[in-house]
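Reading the structure
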Amino acid sequence: MKCEWNEKTGELAFSSERLEGILEPIISGDRGDSVSHLLRNFAHKSTGTLVSPDEVSYGPCRAGLLSLFKVLARGSYLTELRVVPPAMETILSSPTNRVQGFLAAGHVCTVMGYAEYEPLARRYGAPIVVTGFEPLDILHGVLMCVQQLEDGRAEVENQYARSVRREGNAPARGMISDVFEVIPRKWRGVGEIADSGLALTEAYRALDAESRFGVADVSVDEPEECVSGLVLQGVLKPDGCAAFGDTCTPESPLGATMVSSEGACAAYYRYRRLASTA
Ligand code: SF4
């Protein structure tokens, strides 16, 4: 079945079999008819805005954009996509930084490769280990990182070799550079970092929700008590923050490091040792 948008009925007809691979990263839930139902509801919204589900997983989004907006001409895309190396350099170059090494995210490196980390490791003497997501991957990545520190080495190593190559996925990188351009981006707890964000290129500007709805300058003040910038630099452990577990919890987070389950504050909260009541 061809994908067709019916303006009169406000309904979309499409083959869910063809689209489900694209929609999966975007819309969680059941497949088949329910996907069609979700999409139809989405398309009925007057804004038709699609928000990226993941700040860093932009690989699948491009395919989603091109295919989805062919059938949802009224849609638009609000991107908060990030480029990682400039943020790592900001942390490493801070005079107060205590971070000694990084585990680089394997899913990002699967697309982007890891060659751009090599100058960082050399310049700042910090080992960087590209790591997968299974528990054993994480443990192995930590081991490789610690071994480098103990050996006095600062290299980029690839723990996630079953998925990641140094040059990444060249066709996917080409598609990303076709759709996105690098811009400055504000990071919560850190501030604006040059060349650390991705925005839609001019060719796709009509789909850009920021331009379309004039919200590019909208910002939210960060709570003064949040010290996530110090947490990110390794200067302060999450439980050293006065708000930790009190006014700041995963259910009511004050800062980015408590929002994501991968964040340091959320991990500390989830796996904290509770005081014995015995
Ligand atoms: S515990 Fe909450 S308030 Fe404190 S640094 Fe972490 S995110 Fe910020």
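Coordinates for the structure precede this section.
**Description of the site of the ligand**
Contacts to the ligand come from 16 residues, most closely from Cys-226, Cys-241, Cys-248, Gly-255 and Cys-265. When contributions to the shell around the ligand are tallied by element, the ones reaching two or more residues are α10 (228–232) and α11 (256–259). Class assignment for the residues of the shell around the ligand results in 12 nonpolar, 3 polar and 1 charged.

**What about helix α12 (residues 264–271)?**
Every α-helix carries 3.6 residues per turn, so stepping three or four residues along brings you back to the same face. The set of residues buried in α12 consists of Cys-265, Ala-266 and Tyr-269. When α12 is viewed along its axis, its buried side chains cluster within an angular range of 100° and face the same direction. Residues of α12 that are buried make contact with α10 and α11.

**Overview of the sheet that holds strand β5 (residues 102–105)**
Paired through backbone hydrogen bonds, the strands of a sheet run either parallel or antiparallel to each other. Strand order in the open sheet formed by 3 strands is β5-β6-β7, and the pairing between neighbours is parallel. In this open sheet, the two strands that pair with only one neighbour each are β5 and β7 (156–158). Taken over all neighbouring pairs, the strand axes of this sheet differ in orientation by 30° on average, direction set aside. Note that strand β6 (residues 128–131) and β7 share 3 bridges and pair parallel. The residue of β7 that forms the bridge with Val-130 is Asn-158. Here helix α7 (residues 135–151) sits on the sheet in contact with β5, β6 and β7, set at roughly 165° to β6.

Rules and cut-offs
- Residue numbers restart at each chain and count upward from 1, following the sequence in its written direction.
- At least 70 in pLDDT is required for a residue's local features to be given in this predicted model, at least 80 for side-chain atom pairs to be given and counted, and no such filter applies to totals for whole chains, interfaces and linings, which use all residues.
- Any residue whose backbone-placed C-beta atom lies within 6 Å of a molecule or strand is treated as near that molecule or strand.
- Each helix corresponds to a stretch of at least 4 residues labelled H or I by DSSP, and each strand to a stretch of at least 2 residues labelled E; elements are numbered beginning at the N terminus.
- Polarity classes work like this: nonpolar for Ala, Val, Leu, Ile, Met, Phe, Trp, Tyr, Cys and Pro, charged for Asp, Glu, Lys and Arg, and polar for all others, with Gly in that last group.
- For every residue, the other C-beta atoms within 10 Å of its own C-beta are counted; 20 or more classify it as buried, 12 or fewer as exposed, and values in between as partly exposed. C-beta atoms are placed from the backbone.
- By arc we mean the arc of the directions from the helix axis to the C-beta atoms, nothing more.
- Placing a C-beta atom from the backbone of each residue, one calls two residues in contact when those atoms lie within 7 Å.
- When DSSP finds at least two bridges between two strands, those strands are taken to pair.
- Axis definition: a line fitted to C-alpha atoms, limited for helices to the stretch in contact. Angles are taken between N-to-C directions and run from 0 to 180 degrees.

Any functional reading would require information that these geometric values do not contain.
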